[in-house]
Amino acid sequence: ILLPQAFGPFNNKEVKKAFLTIVECSTCIYARDEISYKHLVDLVGIQDKIRLAPDFTNLLEGIEDKKYNNLKMRPCIIPNTRMIDKQSESSGENYYSLISSIINRLIDRGLEPFILVHEINDVELSDNLKKSVKKEIPVINEENPLLLKGIIKNCSFVISSRFHGLISSLSQGVPCLGAGWSHKYRMLFQDYKCLDLLMNVEDDLSINLNKLNTLIDKSNRDLLQKTIADNAFKQKELSKKMWNEVKMIISN
């Protein structure tokens, strides 16, 4: 059983051949989004064992620790070094400039942003961002993923390029801006009915800073929070349905 994840596109012949073997050996495969599902169907056709379900980590409860109480109701920045090494040099530079500009805008508004290292690979990028902005801000290194989710739960809002940072935010009803390098990011925001909050690093900086302004404005943020929370409930119900199907497959 392949639990929900992104698949495709299968353009590489060797990857395509290898994955066809995986499909043959699998009892059930869950695509995490509609585009991934389409890539699978294009590869092997419509099959009952090819199904659609959201990322199951939306059901995990975060753990709160009082040592992070000082981070409550502050904006959280979660960078991703993949946004630099997975894209062209110019796109990587645009991304770095965008995140620095967002942090500086938040500092100017007196909102006390902090950087949260979501994966160990992002330590160097986080430290560089800290040095590049106009005021000293904290960089939080926490290895326990449930504590990370607990920190995110209490933020006023989140700006993340890490997929599971976005999942942790959206699944807990916390408004967020996202930027990503794969179709999975767009489909995630579509699932939570907040596609306007997805940034494109190729867009003019003013466009993305205007999106940030919608989160800075509390009345707008409260409306977004309700939409996101309503859809978080729906996504969790789909995850529960998926686990019931998995248990049924195993028991049979």
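Above this text you will find the structure in question.
Residues numbered from 1 in each chain as written. Predicted model: local features only at pLDDT ≥ 70, side-chain atom pairs only at ≥ 80, totals over all residues. Heavy atoms only, no water.

(A) Geometry of the nonpolar core. Grouped together as the largest cluster of nonpolar side chains are 53 residues, with contacts concentrated most on Ile102, Leu116, Ile159 and Leu212. Broken down by element, the residue count for this core peaks at seven residues, all from helix 4 (residues 89-108). The residues touching Ile159, leaving out its near neighbours within four places in the chain, are Cys76, Ile77, Ile78, Ile99, Ile102, Leu106, Leu177, Met199 and Leu212. Counting ten residues, the second-largest nonpolar core is a separate cluster that includes Val23, Ile29, Leu40 and Ile50. (Core = buried A, V, L, I, M, F, W, Y, C linked by side-chain atoms within 4.5 Å. Buried < 20%, exposed > 50% of the residue type's maximum accessible area, 1.4 Å probe, protein only. Helix = DSSP H or I, 4+ residues; strand = E, 2+ residues; numbered from the N terminus. Contact = heavy atoms within 4.5 Å.)

(B) Broad picture of the packing of helix 7 (residues 163-170) against helix 8 (residues 183-191). It is at 11 Å that the axes of helix 7 and helix 8 come closest, and there the two elements cross at 5°. Accordingly, the angle class assigned to the pair helix 7 and helix 8 is roughly parallel. From helix 7, Phe163, Leu166, Ile167 and Leu170 reach across to helix 8, where they touch Lys184, Tyr185, Leu188 and Phe189. For the contact of helix 7 with helix 8, the class distribution of residues is seven nonpolar, no polar and one charged. (Axes fitted to C-alpha atoms, helices over the stretch in contact; angles between N-to-C directions. Parallel < 35°, antiparallel > 145°, perpendicular 65-115°, else oblique. Nonpolar A, V, L, I, M, F, W, Y, C, P; charged D, E, K, R; others polar.)

(C) Region of the structure containing helix 8. Residues of helix 8 that are buried include every one of His183, Lys184, Tyr185, Met187, Leu188 and Phe189, and no others. Buried residues along helix 8 sit in contact with helix 2 (34-44), helix 7 and strand 8 (176-178).

(D) Looking closely at the sheet that holds strand 5 (residues 114-117). Sheet architecture is open: five strands sit in the order 6-5-4-7-8, paired in parallel fashion. Two strands in the sheet have a free side with no partner beyond their single neighbour: strand 6 (139-141) and strand 8. Going across the sheet, the axis of each strand differs from the next one's by a mean of 20°, ignoring polarity. (Pairing = 2+ DSSP bridges.)

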